[in-house]
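Below, each chain spelled out in residue letters.
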Amino acid sequence: MKRLIGLVGWIAVMAVFAVFSSLLVGCTSLKEGECKRDSHCDGMAKKICDKEPTEAKIDECLRASKHEMWICYKELLDAEIGKCMRAKDARVARERYLRKKSGKCEDADGDGVKAGDACDPPIDCDDGDKAVRPGASEICDMKDNDCDGLINEGMSRCVGTVLGGKQDPVVQFMLTLPAGVEVAPNGEVWAVDQHQVYRIDKQGKARRFAGSNKPGNDDKQGKFARFDKPRGLAVDVSGNVYVAECNNNCVRKIDTEGNVKRYAGKCSSEADDTGLDKVGTLDQARFWCPIDLAFDTDGSLLVADMLNSKIKRITKDGKVEHVAGRGGKEDENGYIVFGNSDGIAKKAEFNEPAGIAVGPDGTLYIADTKNNCIRKLAKGRVTTFAGVCRGGTDKGGHKDGPASRAMFKIPQSVDMDAGGGVWVADTGNHCIRLIKGGNVSTVTGKPGQQGYYDGPVDEALLNEPWTVSVAKDGAVYIVDYGNYRIRRLAP
């Protein structure tokens with residue numbers, strides 16, 4: 001009996017040793033990134049970050065990774081070996097695996113390309129339409145014909161959606177309150193959506209560069225910074241982005257690493273800091289709803305100080321100057337009123353100028369929004385460039401033809417093309433206008449008819465276009481505010 005007990009004990013000890021040995025062997029034989037349990041993934045963030053080329057990059061990587069949990073993901077729950085993954089990536093992988101298990105991957109419309117949850121990835125973005133499939137030719141219609149996430153890209157004289165939309169399921173990226181758009185010197189497109197700034201690369205992919213979904217004025221990096229309904233953007237040749245912030249009454253700067261800092265004015269929406277008008281140093285200056293920006297030919301930054309009805313300049317040596325507009329004046333009843341008189345720059349009158357653009361010769365074009373016309377500043381004098389200036393939101397209209405007799409309705413933005421044409425977001429008329437050779441024409445949108453339609457320029461519909469920006473290739477980017485979209489008018 002004692003011998004039997006001894007034998008059993010020896011077997012038990014050997015079994016425990018064998019299990020322990022196998023665990024040791026299993027751990028040491030794992031390849032990089034493989035795991036058997038979650039603890040094997042400890043330190044994965046550091047391993048990845050240590051591969052970065054510079055110390056600054058390592059620190060940045062670790063900061064971005066410290067809040068991310070790493071787990072041992074196993075597609076089959078009883079599998080012996082798994083893969084170290086961030087928890088959020090593991091969820092995506094799990095969802096993809098479950099879709100594949102559904103078994104549906106078919107060609108319903110007979111166009112030669114399959115679709116369905118079981119396809120990895122789902123290939124045909126609309127398996128109910130033969131005109132839509134990867135590799136199809138893009139045509140000027142309301143469809144993403146080649147399944148690349150863009151509509152009507154590359155189609156000449158065609159309006160398409162670049163970003164956003166709440167009606168079209170093809171466009172996955174939703175916008176809440178798009179306000180500004182600007183094409184950078186390098187061809188990238190920057191856009192403002194409520195309290196956030198987005199960068200759209202040359203492949204049409206967008207990512208949030210700075211700001212959060214909550215308002216504020218925090219000077220921090222990336223998504224930790226806060227804005228309060230910015231609109232106007234200007235991008236310098238080094239890639240720094242300047243932002244006109246109406247609700248915070250200041251101009252902010254975002255460097256190439258996403259760091260946000262106050263640039264000029266006091267960033268505040270408090271009642272005591274609203275309605276101010278002051279020039280001086282960057283710290284002394286005060287704005288009242290600065291709404292648009294443009295670089296002058298000397299490299300200074302011009303500001304449309306909308307509710308002060310003035311144009312100001314931020315010089316390269318850090319001073320804010322008054323350039324044009326006398327501002328409001330008090331009438332006999334004590335009310336502040338605004339006019340539309342031409343003349344010497346600082347004595348001329350504007351009524352809530354909301355858009356500015358600088359020509360190659362230094363001429364400044366101004367969307368004089370509440371006066372329903374386009375003005376220009378050249379050689380120290382303000383003159384009416386196009387439209388009949390009449391104050392009041394109900395005084396505008398729509399009329400093409402000679403610039404002096406044309407009519408606009410609440411124009412909010414202007415920009416210039418390489419040929420000297422001035423493009424106008426004619427917000428109240430729901431269309432885009434062009435001033436060239438002394439004449440005004442409607443390029444796209446139906447005057448007075450708000451709606452949404454992507455297609456040929458003479459058929460497309462807009463809903464309160466707020467901002468225009470012209471790229472070097474002649475494409476015109478449009479903030480279609482009422483349709484929650486960034487649109488593109490191809491040249």
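Colleague: In this structure, what is going on with the layout of surface pockets? I would like to understand it.
Modeller: To locate leftover empty space, one rolls a probe as large as a water molecule over the atoms. Looking at the largest pocket, its volume works out to about 890 Å³. Lining the largest pocket are 37 residues; nearest its centre among them are Glu182, Val358, Asp415, Met416 and Val470. Among the secondary structure elements, those contributing two or more residues to the lining of the largest pocket are strand S5 (178-183), strand S9 (230-235), strand S14 (290-295), strand S21 (353-358), strand S26 (411-416) and strand S31 (465-470). For the lining of the largest pocket, the element with the most residues is S9, which contributes five residues. Of the residues assigned to the lining of the largest pocket, the class counts are 21 nonpolar, eight polar and eight charged.

Colleague: Looking at this structure, I do not really get the sheet that holds strand S2 (residues 70-73). What am I missing?
Modeller: What links the strands of a sheet is backbone hydrogen bonding, and the strands pair in either a parallel or an antiparallel sense. Strand order in this open sheet of three strands is S1-S3-S2, and the pairing throughout is antiparallel. Taken across any chain shown, the strands that pair with only one partner, and hence form the sheet edges, are strand S1 (34-35) and S2. As defined by bridge partners, S1 adjoins strand S3 (residues 82-86) across two bridges and the pair is classed as antiparallel. Residue pairing in the sheet places Cys35 in a bridge with Gly82 of S3.

Colleague: Looking at this model, I keep getting lost on the nonpolar core. Mind explaining?
Modeller: For soluble globular proteins, the rule of thumb is that nonpolar side chains tend to be buried together. Counting 20 residues, the largest nonpolar core has Ile311, Ala324, Ile356, Leu364 and Leu377 as the members making the most contacts within it. Taken together, the elements giving at least two residues each to this core come down to S14, strand S15 (301-305), strand S17 (319-324), S21 and strand S22 (364-368). In terms of residues, this core owes the most to one element, S21, which gives three residues.

Colleague: So what exactly am I meant to see when it comes to the state of the cysteines here?
Modeller: Here a disulfide denotes one covalent bond, and it connects the sulfur atoms of two cysteines. Under the defined criterion, the tally for this structure stands at eight disulfides. Each disulfide pairs two cysteine sulfurs, and for Cys105 the partner residue is Cys119, the sulfurs being separated by 1.9 Å. Taking the torsion about the sulfur-sulfur bond, which here is approximately 95 degrees, the covalent link between Cys105 and Cys119 counts as right-handed. Highlighted residues: Cys105 in the loop between helix H4 (87-101) and strand S4 (158-164) and Cys119 in the loop between H4 and S4, separated in sequence by 14 residues. Here Cys125 pairs with Cys147 through a disulfide, and the sulfurs are 2.2 Å apart. Because the torsion about its S-S bond is -85 degrees, the bridge between Cys125 and Cys147 counts as left-handed. Of this pair, Cys125 sits in the loop between H4 and S4 while Cys147 sits in the loop between H4 and S4, and the two are 22 residues apart along the sequence. Residue classification places Cys125 among the partly exposed positions, given a relative accessible area of 41%.

Colleague: Help me understand the pattern of salt bridges, please; the structure alone is not making it clear to me.
Modeller: Any two side chains of opposite charge can pair, given that their charged atoms come close. With the rule as written, the count across this model stands at 20 salt bridges. Taking the shortest distance from any N to any O, the salt bridge between Asp219 and Arg252 comes out at 2.9 Å. One end of the pair, Asp219, is in the loop between strand S8 (206-211) and S9; the other, Arg252, is in strand S11 (residues 250-254), with 33 residues separating them in the sequence. For Lys310, the salt bridge identified is with Asp277, shortest N-O distance 2.6 Å. Taken as a pair, Lys310 in strand S16 (residues 310-314) and Asp277 in the loop between strand S12 (260-264) and strand S13 (280-281) lie far apart in primary sequence, 33 residues in all.

Colleague: Sorry if this is basic, but what is going on with the sheet that holds strand S30 (residues 455-456) here?
Modeller: With respect to topology, five strands assemble into an open sheet ordered S30-S4-S33-S32-S31, the strand pairing being antiparallel. Single-partner strands in this sheet number two, and they are S30 and S31. With five bridges joining them, S4 and strand S33 (residues 485-489) adopt antiparallel strand pairing. Each bridged residue has a counterpart across the sheet, and for Gly160 the counterpart in S33 is Arg488.

What counts and what doesn't
- Residues numbered from 1 in each chain as written.
- Predicted model: local features only at pLDDT ≥ 70, side-chain atom pairs only at ≥ 80, totals over all residues.
- Heavy atoms only, no water.
- 1 Å grid on protein atoms, 1.4 Å probe; cavity = no way out; pocket = protein on both sides within 12 Å on 5 of 7 lines; lining within 4 Å.
- Points joined across faces, edges and corners; volume = space filled by probe spheres on them.
- Helix = DSSP H or I, 4+ residues; strand = E, 2+ residues; numbered from the N terminus.
- Nonpolar A, V, L, I, M, F, W, Y, C, P; charged D, E, K, R; others polar.
- Pairing = 2+ DSSP bridges.
- Core = buried A, V, L, I, M, F, W, Y, C linked by side-chain atoms within 4.5 Å.
- Buried < 20%, exposed > 50% of the residue type's maximum accessible area, 1.4 Å probe, protein only.
- Disulfide = S-S within 2.5 Å.
- Salt bridge = Lys/Arg side-chain N within 4 Å of Asp/Glu carboxyl O.

Bear in mind that shape data such as this cannot, by itself, settle questions of function.
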